[in-house]
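So the chains spell out like this:
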Amino acid sequence: PTSAQVSVVPHSGRFRYTLDNDLLTTEQRQFYEDNGYLLIKNLVSDEDIERFRKEFTRICKREVKPPGVMIMKDESLRSQFGQSEKVVNKVQDFQEDEELFRYCTLPEVLKYVECFTGPNIMAMHTMLINKLPDSDKQTFLHPMHQDLHYFPFRPASRIVCAWTAMERAHQDNGCLVVQPGTHRTALKPHGYPEWEGKTNKLFHGLLEEDEKIPKVHLVMEKGDTVFFHPLLIHGSGINRTSGFRKSISCHFASSECHYIDVKNTIQEHLEKELQEMVCKKYNATSVELKDIWNFRARLVQGERINL
């Protein structure tokens, strides 16, 4: 049903965003070329998802403390609930937590990732998102953005995000919203949207959004996985239900990608903000953006070349 909402216009010539192998059908490759995402139903097992859910709960309760992990909380709820599932809205950089990092090594996920990156695969950025109930303040609305804004490595066409629903995701609980075809545009300027008191740290959004481009809400069942291009404009709405909408994701890149210098580019202000955060967290005097990404990156398949 999601696919049917988007027109697919075949075009001749070489595929730009997918690689030749025997997994994707011509129709699937064409859909990704035209729209910048591809939804695969029922890819991750219930058993694996329950294991990820249990590990998330253990991290919330501080039963495990993976090094380097960034735990993002709604500070306004901490006095009511302490640190629990009801407060933690994101566990980021879980590459040192072996249980959660298993997601990045699942053969059923990697076989699809290889269609976009090639055989040498790095896991670059990991997140488990726990979208909290939030009907009033809209604190966890993620503005429309392009993930490449956060990444100092290229080429973009050899980077892909795998995002798996840990329960049913729909409009009421803040599913992903995408603007099909926007992966063919350039990286746009990002910053904090002008929402008074409603912005999370590093939840940057497009400074100018084209409302004329149609949006598609990706309704997904538990275990469904969407693969999308880092230039695809996307975001997520607020969770108007009483439950928690969980998802787990990883940005993968070909190890043949290379780092770029973002100084004097539209990504420069992000570099400064990240450097300040890392220096404060680890009591460091200075840190390079490349070093931050080297710490996050882990080889999951093939050979480590550049990244």
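Residues numbered from 1 in each chain as written. Predicted model: local features only at pLDDT ≥ 70, side-chain atom pairs only at ≥ 80, totals over all residues. Heavy atoms only, no water.

Under an unreviewed UniProt entry, the protein chain has the name Phytanoyl-CoA dioxygenase, peroxisomal and belongs to Peucedramus taeniatus. Turning to the protein chain, the UniProt record has this under Pathway (unreviewed entry): "Lipid metabolism; fatty acid metabolism." Looking at the Sequence similarities (unreviewed entry) heading of the UniProt record, one finds this comment for the protein chain: "Belongs to the PhyH family." (UniProt positions renumbered as here; feature names shortened; annotations may be inferred.)

Undergrad: I tried to follow helix α5 (residues 107-117) on my own but got confused; where do I start?
TA: Residues separated by three or four positions in an α-helix point in the same direction, a consequence of the helix having 3.6 residues per turn. Those residues of α5 that fall on the buried side of the exposure criterion are Val 109, Leu 110, Tyr 112, Val 113, Cys 115, Phe 116 and Thr 117. Trailing α5 by a residue or two, Gly 118 shows a phi angle of about 90 degrees, which is positive. (Buried < 20%, exposed > 50% of the residue type's maximum accessible area, 1.4 Å probe, protein only. Helix = DSSP H or I, 4+ residues; strand = E, 2+ residues; numbered from the N terminus.)

Undergrad: Would you take a moment to explain the sheet that holds strand β5 (residues 142-145) for this structure?
TA: Note on sheets: strands pair through backbone hydrogen bonds, and any given pair is parallel or antiparallel. Strand order in the open sheet made by the four strands is β5-β13-β8-β11, with antiparallel pairing throughout. Of all the strands in the sheet, just β5 and β11 (216-217) have a single pairing partner and so form its edges. Two elements, β5 and strand β13 (residues 234-236), share two bridges in a ladder whose sense is antiparallel. In the strand pairing of β13, His 145 is matched with His 234. (Pairing = 2+ DSSP bridges.)

Undergrad: Would you mind going over the packing of helix α2 (residues 46-60) against helix α4 (residues 98-105) with me for this structure?
TA: Packed helix pairs are specified by the crossing angle of their axes together with the interaxial distance, meaning the distance between the axes. Between α2 and α4, whose axes approach to 9 Å, the crossing angle comes to 145 degrees. α4 is crossed by α2, and the crossing has left-handed handedness. Side by side, α2 and α4 meet where Asp 48, Arg 51, Phe 52, Glu 55 and Ile 59 of the first sit next to Glu 99, Leu 100, Arg 102 and Tyr 103 of the second. In terms of residue class, the contact of α2 with α4 is made up of four nonpolar, no polar and five charged. (Axes fitted to C-alpha atoms, helices over the stretch in contact; angles between N-to-C directions. Left-handed = near helix turned anticlockwise from the far one by under 90°. Contact = heavy atoms within 4.5 Å. Nonpolar A, V, L, I, M, F, W, Y, C, P; charged D, E, K, R; others polar.)

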